[in-house]
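# Structural characterization, general
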Amino acid sequence: MRFDNIANITLLDPVFTKQHLAMEGVCNAEESDVMSQTCVLSEFSECAEVRAVISSLPDIHHDLVCRENTFEKFVVTMDRYQEQPHLLDRHLEWMLNMLLEIIRSEKSPPLLVHLCFKFLYVISKVRGYKVFMQLFPHEVSDVQPVLDLLCRQDPKDTETWETRYILLLWLSMTCLIPFDLSRLDGHLSTDPEVKREPVMDRILSVAKSFLGVSDKSRDAASVLVSKFVTRPDVKQKHLGNFLDWCLTTISQTSEVTMEGTVALDGALQSLAQLFKHGKRDDFLQYAPTVLQCLNQKRITDSNQATLRKLGVKVVQRLGLTSLKPRLAKWRYQRGCRSLAMNLAQSAITESVEATKPDLSFVSQEEDYDIPEDVENVIEQLLVGLKDKETIVRWSSAKGIGRVTGRLPKELADDVVGSVLECFSFQETDNAWHGGCLALAELGRRGLLLPSRLSDVVPLIVKALTYDEKRGACSLGSNVRDAACYVCWAFARAYDPTELEPYVNQIASALVITTLFDRNITCRKAASAAFQENVGRQGTFPHGIDIVTAADYFTVGNLNNCYLTISVYVAGFEEYTKPLIDHLVTMKVNHWDGVIRELATKALHNLTLRAPDYMANSVLPQLLPMATGMDLHTRHGAILACAEITHALYKLATQDNRSVTDFLSSDTIEGLKGIHQKLSDRRQYRGFGGELMRPAVCALIEKLSLSKMPFKDDPVITGWQWLIDDSLKNLQMFSTGARQGVQDAAVSALAALCRQYYQIEIGVADVKMQEELVGQYLSALGSPVVLTRCGCALALGALPPFMIHGKLQQILHGLQAVCRVAPKQESLTEARRDAATAMSQVCVAVGVRARGSPDRVLCEDNVRAVYEALLGCMNDYSTDSRGDVGVWVRAAAMSSIMDVTLMVVASAPELLSSDLVQRMMCCFAQQAAEKIDRYRAHAGTIFLRLLHSLEPAVPYIPHREELLSIFPPEMGNSLNWNAASQAYPHITQLLGLHQYQYHTLLGLTVSVGGLTESTVRFSSQSLFEFLKSIQQDAAALQQFGDTVLAIFRDHLRNDRVSVPLLKMVDQLLANGCFDLFISEESHPFSVELLSLCKEEIKRSKEVQKLLSCIAVFCGMVQFQGDMRKKVLVQLLMLLCHPFPVIRKATASQVYEMLLTYDDVIGDEQVLADVMASLSDTNWESDIATVRAHRNQLCDWLGVPRPTLVVKLLTRTVSTVSH
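The model shown is predicted, which means the values in this text are computed figures rather than measured ones. (Residues numbered from 1 in each chain as written. Predicted model: local features only at pLDDT ≥ 70, side-chain atom pairs only at ≥ 80, totals over all residues. Heavy atoms only, no water.)

## Some words on the layout of surface pockets
Approximately 820 Å³ is the volume found for the second largest pocket. Every residue lining the second largest pocket is counted, 34 residues in all, and those nearest its centre are Tyr129, Lys130, Gln269, Gln273 and Lys313. Mapped onto the lining of the second largest pocket, the elements with two or more residues apiece are helix H8 (110–127), helix H9 (129–132), helix H11 (161–174), helix H13 (217–228), helix H15 (258–277), helix H18 (305–322) and helix H22 (390–404). By residue class, the composition of the lining of the second largest pocket is 11 nonpolar, 10 polar and 13 charged. (1 Å grid on protein atoms, 1.4 Å probe; cavity = no way out; pocket = protein on both sides within 12 Å on 5 of 7 lines; lining within 4 Å. Points joined across faces, edges and corners; volume = space filled by probe spheres on them. Helix = DSSP H or I, 4+ residues; strand = E, 2+ residues; numbered from the N terminus. Nonpolar A, V, L, I, M, F, W, Y, C, P; charged D, E, K, R; others polar.)

Written out as structure tokens, the structure reads:
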């Protein structure tokens, strides 16, 4: 059972809201918005729309598309009211009447009738059949038509099951007429040839037949049975026979087959409904027989959860039938159930007296015999509490509550005791869950007496934190959820005086679950239960304050619960230590690493609330756990020690004290000895090392930041070894753990150096400086890429005093790693981290124009830094993972931005115009490329540098034009990730001469790419720009020259050349170069043809060849000698060795001739060429294809290719020599 919706009970209670606001004295607008959103619908606002839809059914039912659209629209409308179906009550009658009017019309075809029944089913599903069926007309005149229509239905028709379902419900209502059904038979004929079955028999026969179907109408048939068979006239004749039929079906049917399962389901549903709605006196005599049959069938052992649930329902109904229908006099009754009165009285510290049962009267009242079968019933229900399916456990819990309510006090107490046995740690989570549900039912019904609370409350507190790890997941969220339901039920069931001794236990447990439970549904359930207790009991400490801070909605964010709300709640003394103790005992050793880390951060924040308790109690408790045997416990405890120590240091600093004032000598020694103990046990190896290394590195970082008195202590050497070993052996860890180990080690190194390798402020320990810088620089040449990564980042993390005197060596080492060597393309990650480290080193040492190149960034070394980073911007390495070079480019962009902003702020004269131009052009190129994430990264940096005013970046080319394209207010509003927003702006850079080449280079891979949305928006923006310069010959000529320059510079570079060919094809097809077409042998066409021929020379790349074919076909637009040269290339490709190229060429040439009708002037020749292109099998052998190709050459007036002759000449020449 899920408990999410119980919050609405108090969230929407106007009395609770009023009292809350009165006690707070303020009206928080944000809270009001939250409350109003919990119940957003106030009426059935689509009334007119639904009326119009129903009225249109006769007109649209014959059209399949309209019919389905109308039905889906109606379903969507009605489903909005699933949570508030009562809003439909005023409108149910007119909707039903409109649909029944269509159904009853003789003009309505069967298709329309079935459609109306589908609409009726949707209404009944939303509102519930119990309410909706009462509105059906149930006059005597309705019995026969409904029965006849139902008999005409095909039970096997899967398209019309809604019709059968609604008709069965309708027939159930007509069966309630207060007349003997035999009167409807009239005078039955005595002629044996005329067979007419009585109405009573017909209805029973129909009910039996539909109890065996596999669709929803089986449920409606069981409702029909409960209404029909319990009629006075029917039960006299057919009750016994029908029960015999049910028992026979149960006994003789096997659940192995689907048909058997369906039959058993129908029979059990019928029994459950009959014993529920029938009179006890009528069914009492049959109860033992039915129970015996069920025992023999052993329904509880069935593999089908639905059958087990129905078995439990029948068994509990049998138990209720066996017991007298009386209300237990001994049950606990709360004297006042009014929430308003309870709050009013709790505000003035008054309480309402609970109604105490008169036990002497009870003992006299309960002196009656209990049938033996009841014990069997209770036993089966108790077994059902431990079932593996929730629906069975929930049904059993309700059965326990109902049956216990009719038992004497002593027997009922025995049942409670049996339920409590479910809470043994030998039992599974299923038993705990079922036990919680049963306790909630018993408490809600007043059957759990206050004397039992001392036994129950400790078990519920345990259930609120129940968590059992099994494999890669955990069990217990349903147990905790049900335990919250118990607390919610107790809040309504008991008087505050009864729960007062247990208030602190329950409140603390609910707060802990609200804040720290891993499952969001449990956190919300606990919040709602806490809120219910605050409203109903009025005794929870600081209840209103906590409900305000940790309401049903704010606890949805796990980080917010652990790191923010918990600190506020811990400010109340009653909750401080319980929260801390729970984190230490239950969450620090949790199986989920995310929870462990959050718990340690929460302990850091909570240290402020109880520093002495943390130092004197929690840390001594954590230290043995930090070196224990359980891996998860060690990991969490080490992190917790680190966080608590650092928090204590912050507190001590505020009072100008040392952290050692809080810590005892044993604690300090324990913290110092953690690393050595783990190292001695070799617990840094293997899978455990993936958790231990980052945890101990975090401990090193926090202890260093806390300025622990370990300077010159041997432990520092051990810590340094761990950091170095982790950074140099990252390849030993799994892929998922490497990043965590690396980040923790780098952070630890920085903190360790600042605290323990500084002789005085700003002066490094020369020995350690030489050792660390030397080993990290030498490791940059390692053949292991991850070693290079770790050591590069280590150099970047060094504090300034460790870099002084070594800056040139460090920069040269990092610059060497950034360069792409011929056989080192696979070192992508190393180049990425070296680019990042370079900026970190530069930012650390600072800038001084005339400074020493070994100490600061200055005029002697700044250009080398920029050259290395700009070189990284051209890294387009690829491997099996795709474009991995983008990692290097992204790191280089971030580094350039950091270095540039720092240089501009301190020494802008170090920047030259050519460096700034190259930098901005590279950003423009990256901002035009195809990968959304990195386009956004480049665009954001581009605008950051452009809009930077304090300081302003000098020498930006076309600054004024750029600011008109990208005004300052656009900086945050432009979504670079969206191609539809980015490309219309970036293509405007094509009009700026200095940006045109790089922008077009970036656009080329976007326009000629594969992603549909990127191609569409980038090409649209490019065409818009070209459209704006169509009449400007100089601008168009410059654009064409830029295209050719890009082609020339990237010849046979498939990353650029293939997309460029696709882009040129689109440009030619869209008439972007029409200005060049009129000029014969225009230089653009001549150069383009030459480059295309060179690009595909000896190429075997099919995609490239196909793209080039498309360009050749587009170039046919150019007049004169150029057209003949292009046709020669196309005809040569008709005899290409690859059949797919020959076929594609023929197809595209055919389409080209259709598009450009001036290529061949003679219509007869055109017809012959078209016929040859379409009829020839261009995938046949070369000899056959060559004959057809040569014929085409003759028709088109171009010379036949002589490649074969040249080969023969070469061969003859070779032989003669």
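## Digging into a positive patch on the surface
Taken together, Lys130, Lys276, Lys309 and Lys313 make up a surface patch of like positive charges. Along the chain, Lys313 turns up in helix H18. The class for Lys313 is partly exposed, based on a relative accessible area of 31%. (Patch = residues over 30% accessible without salt bridge, like charges linked within 9 Å, V, L, I, M, F, W, Y side chains within 5 Å. Areas by Shrake-Rupley, 256 points an atom, 1.4 Å probe, with all protein chains shown as cover. Salt bridge = Lys/Arg side-chain N within 4 Å of Asp/Glu carboxyl O. Lys, Arg positive; Asp, Glu negative; His and termini not counted. Charge placed at Lys NZ, Arg CZ, Asp CG, Glu CD. Buried < 20%, exposed > 50% of the residue type's maximum accessible area, 1.4 Å probe, protein only.)

## Side note on the packing of aromatic side chains
Applying the stated rule across the entire model yields 31 aromatic pairs. Between the aromatic rings of Phe516 and Tyr562, the centroid separation amounts to 4.9 Å while the plane-to-plane angle is 45 degrees, which identifies the pairing as tilted. Here Phe516 is found in helix H28 (residues 503–516), whereas its partner Tyr562 is found in helix H31 (residues 558–569), with 46 residues between them in sequence. Relative to Phe553, the ring of Tyr552 lies with its centre 5.4 Å away and its plane at 85 degrees, an arrangement referred to as edge-to-face. Here Arg51 stacks its cationic end above the ring of Trp94, 4.1 Å away from the centre of that ring. Here the guanidinium or amino end of Arg1016 rests over the ring plane of Phe1017, the centre of that ring lying 4.4 Å away. (Phe/Tyr/Trp six-rings, centres within 6.5 Å; stacked < 30°, edge-to-face > 60°. Lys NZ or Arg CZ within 6 Å of the ring centre and 35° of its normal.)

## Here's the deal with the nonpolar core
If you look at the biggest cluster of nonpolar residues, it comprises 411 residues, and the most contacted ones within it are Phe966 and Phe1039. The dominant element in this core, judged by the number of residues it contributes, is helix H46 (residues 885–906), at 13 residues. (Core = buried A, V, L, I, M, F, W, Y, C linked by side-chain atoms within 4.5 Å.)

## Remarks on the side chain of Thr1004
Turning to its location among the elements, Thr1004 is positioned in helix H51 (residues 993–1007). Judged by its relative accessible area of 0%, Thr1004 falls in the buried class. With sequence-adjacent residues up to four places away left out, Thr1004 is seen in contact with Val1056, Pro1059, Leu1060 and Met1063. (Contact = heavy atoms within 4.5 Å.)

## Section: the packing of helix H12 (residues 199–210) against H13
One way to put it is that H12 packs onto H13 with a least axis distance of 8 Å and a crossing angle of 145 degrees. Where H12 crosses over H13, the two elements pack in a sense that is left-handed. Along its contact with H12, which presents Met200, Ile203, Leu204, Ala207 and Phe210, the element H13 presents Ser217, Arg218, Ala221, Leu224, Val225 and Phe228. Across the contact of H12 with H13, the residue classes tally to nine nonpolar, one polar and one charged. (Axes fitted to C-alpha atoms, helices over the stretch in contact; angles between N-to-C directions. Left-handed = near helix turned anticlockwise from the far one by under 90°.)

So, to be careful, I would describe these as geometric facts and stop short of saying anything about function.
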